[in-house]
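# Geometric and topological summary
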Amino acid sequence: MQFKRQIADRLYGSWMIVSLATILALPLVIGVGLYIKAAPMLENVSFFSLIFSSEWAPSAGNFGFRPFIAGSVHVTLLSFLFTAPVCLLAAIYLTQFSTRTLVKIMHPVIDVLAGLPSVIYGVWGILIIVPLVAGAAAFFGTASSGYSVLSGGIVLAVMCIPYTLNMLIEVFNTVPSGLKEASLSLGATRWEAVKHVVIRGNYPGIISAFGLGIAKAFGETIAVMMVVGNVVKVPGSPFDAAYPLPALIANNYGEMLSIPMYDSALMFAALLLLMIILFINLFFRYLIHKTKRQ
Amino acid sequence: MKRIKRVEEKFYIGLSALMTYSLIAVLAFIILVIFVKGFGALSWDMVVKVPKGGYYYGGEGGVLNAIAGSLYIALGATLIAIVIGMPAALYLNVHLIRYRRTQNTIRYFLDALWGIPSIVYGAFGFTLMLFFGMNASLLAGIITVALLISPIMVRTFDEVLSTIPKGLHEASLALGSTRSETAFRIIFKQGFSGFITAILLSFGRGIGDAASVLFTAGYTDNIPVNLDEPAATLPLAIFFQLGSPIPEVRDRAYASAIILTVIILSISLGARFLSKRYSKTNLK
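Keep in mind that what you see is a predicted model, and the values were worked out from it rather than measured.

### Things to note about the overall build of chain B
- Across its full length, chain B carries twelve helices and zero strands.
- Listed N to C, the secondary structure of chain B is α-α-α-α-α-α-α-α-α-α-α-α in terms of helices and strands.
- Projecting the C-alpha coordinates of chain B onto the three principal axes gives extents of approximately 70 × 70 × 35 Å.
- Each of the 284 residues in chain B was classed as buried or not, and the buried ones make up 55%.
- Pairs at least 24 apart in sequence give 73% of the contacts found in chain B among residues at least 6 apart.
- Accessible surface, chain B: about 12,700 Å² in total, of which carbon and sulfur atoms supply 66%.
- A gap of 14 Å separates the mean positions of the 25 positive and 15 negative side-chain charges of chain B.

### Things to note about the nonpolar core
- In this structure, Phe65(A) and Leu90(B) are the most contacted members of the largest nonpolar core, which totals 193 residues.
- A per-element tally of this core places helix α12 (residues 262-293) of chain A first, with 16 residues.
- If we skip the residues at most four places from it in the chain, Phe65(A) touches Leu50(A), Ile51(A), Ser53(A), Trp56(A), Leu245(A), Leu248(A), Ala265(A), Phe268(A) and Ala269(A).

### Observations regarding the environment of Gly31(A)
Residues and elements named next belong to chain A.
- Turning to its location among the elements, Gly31 is positioned in helix α1 (residues 2-44).
- You can call Gly31 buried: its relative accessible area is 12%.
- Along the backbone, Gly31 and Ala270 are 239 residues apart, and their C-alpha atoms lie at a distance of 9.3 Å.
- The contact partners of Gly31, leaving out residues within four places of it in the chain, are Leu271 and Leu274.

### A look at the domain arrangement of chain B
All names here are of chain B.
- Each assigned domain of chain B is listed with its residue range as follows: domain 1 (2-39) and domain 2 (47-279).
- The straight-line distance from the C-alpha centre of domain 1 to that of domain 2 is 32 Å.
- Overall, the association of domain 1 and domain 2 removes approximately 550 Å² of surface from exposure, summing both partners, and the carbon and sulfur fraction of that is 85%.
- The tally of links between domain 1 and domain 2 comes to zero salt bridges.
- Our enumeration of links across domain 1 and domain 2 arrives at zero residue pairs in polar contact (both at pLDDT 80 or more).

### A few points about the state of the cysteines
- In the structure shown here, the tally under the stated rule is zero disulfides over all chains.
- As a non-bridged cysteine, Cys160(A) has Cys87(A) as the owner of its nearest cysteine sulfur, 8.7 Å distant.

### Concerning unusual backbone geometry
Residue and element names in this part refer to chain A.
- We note that Asn230 has phi near 55 degrees; this positive angle belongs to a residue other than glycine.
- Along the chain, the position of Asn230 falls in the loop between α10 (222-227) and α11 (245-252).
- For Asn230, a relative accessible area of 22% puts it in the partly exposed group.

### Comments concerning the interface of chain A and chain B
- Every contact between the two is made by 76 residues of chain A and, on the other side, 79 residues of chain B.
- Here chain A packs against chain B, burying approximately 7,200 Å² in sum over the two surfaces, 81% of which is carbon and sulfur.
- Counting the contacts that link chain A with chain B gives six salt bridges.
- With 19 residues, the top contributor of residues to the side of chain A that touches chain B is α1(A).
- Each residue belonging to the side of chain A that touches chain B can be placed in one class, and the counts come to 57 nonpolar, ten polar and nine charged.

Basis of the calculations
- Residues numbered from 1 in each chain as written.
- Chains lettered and ligands numbered in written order.
- Predicted model: local features only at pLDDT ≥ 70, side-chain atom pairs only at ≥ 80, totals over all residues.
- Heavy atoms only, no water.
- Helix = DSSP H or I, 4+ residues; strand = E, 2+ residues; numbered from the N terminus.
- Buried < 20%, exposed > 50% of the residue type's maximum accessible area, 1.4 Å probe, protein only.
- Contact = heavy atoms within 4.5 Å.
- Areas by Shrake-Rupley, 256 points an atom, 1.4 Å probe, with all protein chains shown as cover.
- Lys, Arg positive; Asp, Glu negative; His and termini not counted.
- Charge placed at Lys NZ, Arg CZ, Asp CG, Glu CD.
- Core = buried A, V, L, I, M, F, W, Y, C linked by side-chain atoms within 4.5 Å.
- Domains from an automatic or database assignment.
- Buried area = accessible area lost by both parts, 1.4 Å probe.
- Salt bridge = Lys/Arg side-chain N within 4 Å of Asp/Glu carboxyl O.
- Polar contact = N/O pair within 3.5 Å; in protein donor to acceptor, adjacent residues only side chain to side chain.
- Disulfide = S-S within 2.5 Å.
- Nonpolar A, V, L, I, M, F, W, Y, C, P; charged D, E, K, R; others polar.

Below, the structure written as structure tokens:
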């Protein structure tokens, strides 16, 4: 009986550790898999000329990723401009000023916002944001179909808000209430206490939450692809169409096997995306984990 | 001076309250837009019929193929994710309980893994599929989505497991149970509410995700019967119908969006309800 239980313990134990190891090895396996596919591309053309060249003509064998990287960066930064103030203020309100009932209502609201599939955001973007942006463009005297960097940025911002907000709330909840009370008792207004204690004391946490939000925005595919226009060009203004990296991969998987090197180029794009996002994630998560321990 | 401070305080608190309430408004607005736009085209046929010939030109039929495909993929992927995710989370919280540093490092990597976008999983699934000589199929879709949701499963389950007091482990070990018995019989039961949440959350992600199945699951008008057949998915059905120049087909895309939204909303609400229900019987 004792022996049987020990065998079972061993078996279950190895099942558990193998599962954990499998999951932890995942990024490495994905990276290697994509690299093997992208290697033929990297053998012919150097990494930097791939990234900085803007000539995109797959059938002629020219793969320059600059327009796509620029498209991704533009859309992501624009979305960050919308996300950051909203999340910061909402997180402050929810952790410092709001009533319990509101917090109770906001939890499911944030969850549902985070859980809505990106294609739903895309549909919403096409129905509401794209015509709005087209109208705004006409108002500013430029022609735009509405399928633009700005639309992509707005839709992305809405998608990233629950994600960033959740992290900020977690960060602000760790502020010891004693510090805030001390500053209140010295005659600070409630807002001053927030400004000096909650915000200033949490710079690393706030920056990390923003950084992770940016990483999330950078990799978002379907919703952006539906509203951003997908034109291979470095966008010059928010009303121009762009073509972010994830959209490039998603749009061209059908033809990639029929043109030589095309699949290699797209897998290179995926690898690039993985590297950038994994790097941002590891960096800012490290910052968060470090501050949590203190 | 004092006045300026008061005004500043009023202004910022008002502004932050506005931002908070506007989030509720945005969510309501999104759902309202989807429902108003799609309600006209929503019919019982949409849910119970597969596309007939000429469906994509405004003919008869529905999106049952996509609903079934999405459910199959999400279900299969969730099963795989349970098989590797549940023991991984338990290992992290039972066997490694004395190694704080290792635990934190592993959580750190899992968090980072959560951030990898689904399009990268999709591209990787595609290379994997070519490597094994498979075609776009239900199985390839299931495996890709399983990879995508496993970290989510582990981290969500772990979040609840990590709050279980150490005393419970010690009591169980002191009574002579092995570590895996402690894990599966004691800790698993105590963290069951977290397990339910983890399953439903992963399932929801599996149904809603489009970028990972775009390459791997393919698309078909039939309900897949075997694992090696291609499968349609609901997000892709919305996406493809939306690209049509025919207004009736686009209206159906909105109707399909309602179906997807309702599925996701009910999963989300179900997760809240069930996790509350199952955490009632926990030892405190």
